[in-house]
Amino acid sequence: MNGSAAAHNVVDITLKRGPSGLGFNIVGGVDQQYVLNDNGIYVCKIKENGAAALDGRLEEGDKILA
């Protein structure tokens, strides 16, 4: 989704936690909005060789829905 309101593709992704966690960092929320007027949580960084990078579907800028 990359923070864009234009594309709304919802993908269900389940990651298995690796030795260094799920392999991505998040930003956003009520206290520190990443997208103006949006309290959502977004992926800000995919860690190299982490679970998210190895899976390949999650991208920086994607919104976490659940």
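The structure under discussion appears in the preceding block.
Presented here is an overview of the structure given in this document. Sequence order as written defines residue numbering, which begins from 1 separately in each chain. This being a predicted model, a pLDDT of at least 70 is required before a residue's local features are given, and a value of 80 or more before pairs of side-chain atoms are given or counted; all residues contribute to the totals for chains, interfaces and linings. Heavy atoms from the whole structure form the basis of all side-chain values; hydrogens and water molecules are not counted.

### Overview of the sheet that holds strand β1 (residues 24–28)
Strand order in the open sheet formed by three strands is β1-β2-β3, with antiparallel pairing between adjacent strands. Of all strands in the sheet, those bounded by a partner on one side alone are β1 and β3 (63–64). If DSSP finds at least two bridges between two strands, the strands pair. Numbered from the N terminus, helices here are DSSP runs of H or I no shorter than four residues, and strands are runs of E no shorter than two. Across two bridges, strand β2 (residues 41–46) lies against β3 in antiparallel orientation. Pairing of tyrosine 42 across the sheet is with lysine 63, part of β3.

### Things to note about the environment of lysine 16
Inspection of the secondary structure puts lysine 16 in the segment before β1. Whether a residue is buried, partly exposed or exposed follows from its accessible area with a 1.4 Å probe, protein chains only, as a fraction of its type maximum: under 20%, in between, or over 50%, in that order. For lysine 16, a relative accessible area of 74% gives the class exposed. Along the primary structure lysine 16 and alanine 52 are separated by 36 residues, whereas in three dimensions their C-alpha atoms are 8.9 Å apart. Here lysine 16 is in contact with Leu22 and Ala51, once residues within four sequence places are set aside. Any two residues whose heavy atoms approach within 4.5 Å at even a single point are treated as in contact.

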